[in-house]
Amino acid sequence: MNRELYNTYVHILEEELISAMGCTEPIAIAYAASIARAALGMLPEHVEIHVSGNIIKNVKSVIVPHTGGLHGIEAAVAAGLVAGDQQRELEVIADVTEEQIKQIKAYLEQTEITVAQAETERVFEIDLRAEKDGRRVQVKIVDGHTNVVLVRRNEEILYESSMLSEAPDEAVHKTDHSLLEVEKIVLFAEEVELEDVTEVLERQITYNTAIAEEGLRGKYGANIGNVLLTAYGNSVGNRAKAWAAAGSDARMSGCELPVVINSGSGNQGITVSLPIIVYAEELHASKEQLYRALVIGNLIAIHLKTGIGCLSAYCGATSAGCGAAAGITYLYGGGYKEIAHTVVNALAINSGMVCDGAKASCAAKIASAVGAGLLGMEMYRQGSQFVGGDGIVTKGVEKTIMNVGDLAREGMAQTDKEIIQIMLR
């Protein structure tokens, strides 16, 4: 692999595998609010926030961490205004004190926070405006969770970014994700110098394992992780599903532990990593094998999600489950051929599972996505596969991935709008 492409793949991992505290959409709102507070220099007495439908979808039902159990857009705004540290970005409310939690609740009771759906073609848009004593500020984030494109105080532009993608619904990346291909990902994973990826992967292992353990210890959400273990036993395949589900159980219910995300999503970061970690332990894999498997899983999940877009009606856990299965296939000794067939099989099984927002049932969808990935892997290990012409499957893994991107981004666009309308009834 040439050095330029090698460096691009390293940078993609560094860009995408970052830590976040809480579901990333409410945290992005809290981040915008923290910037507004800093620009205004005081707590505002009135706040107006316009967000795209997908933001509403993914904030409506999840608990915002460090708020004492509050949920929704208003809670995320208040947390960011009262206690946010904008320098921490997606960990903006990671260090909230008990006193600040009381202040957040009091501020919510005393302050008018108006929420409206933005009139925009973008799936990701946060436009927050706050005012007090004649001073007004505006903060705008589009196309990505930390992609701030405008900070205005009264008529003065404090910050304006050129990182505004020309096409709506297109995530902003510092690196060129179009360079990702399954064959090159496998080659990169086999050749990568581990010191180039150890820091991001070790953080992913540590953080995501910790939140899964917490999910299994406590009773969070619908408790899907423990339901799976109780109902279906301790086989490695079931543990892979249960641990991933448990991480989501905790995260969706406001657990105050960080996760390392993938493609802007904590649930996707949990889904792609924990099954690989569970299988690596079962197979007594070396730390080097685990790292290389995680490289494959993470990059394939990112590759799949790139064509789909940041937020859509297509459940992102599907892509992450494919990535997990690809990494596990590597742990079993699989190379490009075996990994490519695993990905195609898994996509054929679960593509089309809809995203109806972030909430407790995400854990069950994660279990389904991991199960589809494992079935796709076992199919090929046992000499069975889906072939071109089977539904959206076509000859070649890259063409099949392209089909899935088209299905999710274009074909499910109206589905996305209908889901949002149903949730707003």
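As the structure is a prediction and not an experimental result, all values here were calculated from the model.

(A) Molecular detail of helix α9 (residues 236-252). The end-to-end C-alpha distance of α9 is 24 Å, a good match for the 24 Å that 17 residues give at a rise of 1.5 Å each. Most of α9 is tucked away, with 15 of its 17 residues classed as buried. Positioned one or two residues after α9, Gly254 has a phi angle of 85°, which is positive.

(B) Spatial organisation of the pairing of strand β7 (residues 156-160). Alignment of strand β6 (residues 148-153) against β7, held across 4 bridges, turns out to be antiparallel. Counterpart to Arg153 in the pairing with β7 is Glu156. The loop that links β6 with its antiparallel partner β7 comprises 2 residues; one of these, Asn154, has a positive phi angle of about 50°.

(C) Spatial organisation of the state of the cysteines. In total, this model carries 0 disulfides according to the counting rule given. Here Cys23 is not disulfide-linked; the sulfur of Cys362 is the nearest cysteine sulfur, at 7.6 Å. Given a relative accessible area of 4%, Cys23 falls into the buried group.

(D) Summary view of the pairing of strand β5 (residues 135-142). In the sheet, strand β4 (residues 125-132) pairs with β5 via 8 bridges, with the strands oriented antiparallel. Paired with Leu128 across the bridge in β5 is Val139. Connecting β4 to the antiparallel partner β5 that follows it, the hairpin turn spans 2 residues, and Asp133 within it adopts a positive phi of roughly 50°. Relative to β6, β5 is paired through 5 bridges, and the arrangement is antiparallel. Bridged to Gln138 within β6 is Arg152. Linking two consecutive strands that pair antiparallel, namely β5 and β6, is a turn of 5 residues; a positive phi of about 70° is found at Asp143 within it.

(E) Representation of the packing of aromatic side chains in the model. Within this structure, the stated rule accounts for 3 aromatic pairs. Consider the rings of Tyr6 and Phe188, whose centres lie 5.3 Å apart with planes at 65°: the pair is edge-to-face. Here Phe188 lies in helix α6 (residues 182-191) and Tyr6 lies in helix α1 (residues 3-16), a separation of 182 residues in the sequence. Under the relative-accessibility criterion, Phe188 is labelled buried at 0%. Between the aromatic rings of Tyr9 and Phe188, the centroid separation amounts to 5.4 Å while the plane-to-plane angle is 75°, which identifies the pairing as edge-to-face.

(F) Region of interest: the nonpolar core. Of all hydrophobic cores here, the largest spans 127 residues; its most connected members are Ile29, Val77, Ile126 and Leu299. Once residues lying within four places of it in the same chain are set aside, the contact partners of Val77 are Ile29, Ala33, Val47, Ile49, Ile113 and Leu128. Residues Leu228, Ala245, Ala363 and Ala367 belong to the second largest nonpolar core, which totals 6 residues.

(G) Examining the layout of surface pockets more closely. In this structure, the second largest pocket spans a volume of roughly 220 Å³. Residue lining of the second largest pocket: 15 residues in total, with His341, Val344, Lys395, Gly396 and Val397 positioned closest to the centre. Along the lines of polarity and charge, the residues of the lining of the second largest pocket split into 7 nonpolar, 6 polar and 2 charged.

(H) Broad picture of the pattern of salt bridges. Counted according to the given criterion, the structure contains 19 salt bridges. Glu91 is paired through a salt bridge with Arg88; the nearest N and O atoms lie 3.8 Å apart. Arg88 sits in the partly exposed class, given a relative accessible area of 30%. Across the salt bridge formed by Glu214 and Arg217, the nearest N and O atoms sit 3.0 Å from each other. With Glu214 and Arg217 both in helix α7 (residues 198-217) and 3 residues apart, this pair spans about one turn of that helix. Ionic contacts of the salt-bridge type, sharing partners, join the residues Arg88, Glu91 and Asp95 into one network.

(I) Fine view of α6. Taken together, the buried positions of α6 are Val182, Ile185, Val186, Phe188 and Ala189. Seen from one end, α6 has its buried residues packed into an arc of 160°, which puts them on one side. Buried residues belonging to α6 abut α1, α11 (287-308), α13 (336-350) and α15 (397-411).

(J) Structural context of a negative patch on the surface. Negative charge collects at one region of the surface, where Glu45, Glu48, Glu112, Glu131 and Asp133 lie side by side. Among the structural elements, Glu112 can be located in strand β3 (residues 112-117).

Rules and cut-offs
Residues numbered from 1 in each chain as written. Predicted model: local features only at pLDDT ≥ 70, side-chain atom pairs only at ≥ 80, totals over all residues. Heavy atoms only, no water. Helix = DSSP H or I, 4+ residues; strand = E, 2+ residues; numbered from the N terminus. Expected span 1.5 Å × (residues − 1). Buried < 20%, exposed > 50% of the residue type's maximum accessible area, 1.4 Å probe, protein only. Pairing = 2+ DSSP bridges. Disulfide = S-S within 2.5 Å. Phe/Tyr/Trp six-rings, centres within 6.5 Å; stacked < 30°, edge-to-face > 60°. Core = buried A, V, L, I, M, F, W, Y, C linked by side-chain atoms within 4.5 Å. Contact = heavy atoms within 4.5 Å. 1 Å grid on protein atoms, 1.4 Å probe; cavity = no way out; pocket = protein on both sides within 12 Å on 5 of 7 lines; lining within 4 Å. Points joined across faces, edges and corners; volume = space filled by probe spheres on them. Nonpolar A, V, L, I, M, F, W, Y, C, P; charged D, E, K, R; others polar. Salt bridge = Lys/Arg side-chain N within 4 Å of Asp/Glu carboxyl O. Arc of directions from axis to C-beta. Patch = residues over 30% accessible without salt bridge, like charges linked within 9 Å, V, L, I, M, F, W, Y side chains within 5 Å. Areas by Shrake-Rupley, 256 points an atom, 1.4 Å probe, with all protein chains shown as cover. Lys, Arg positive; Asp, Glu negative; His and termini not counted. Charge placed at Lys NZ, Arg CZ, Asp CG, Glu CD.

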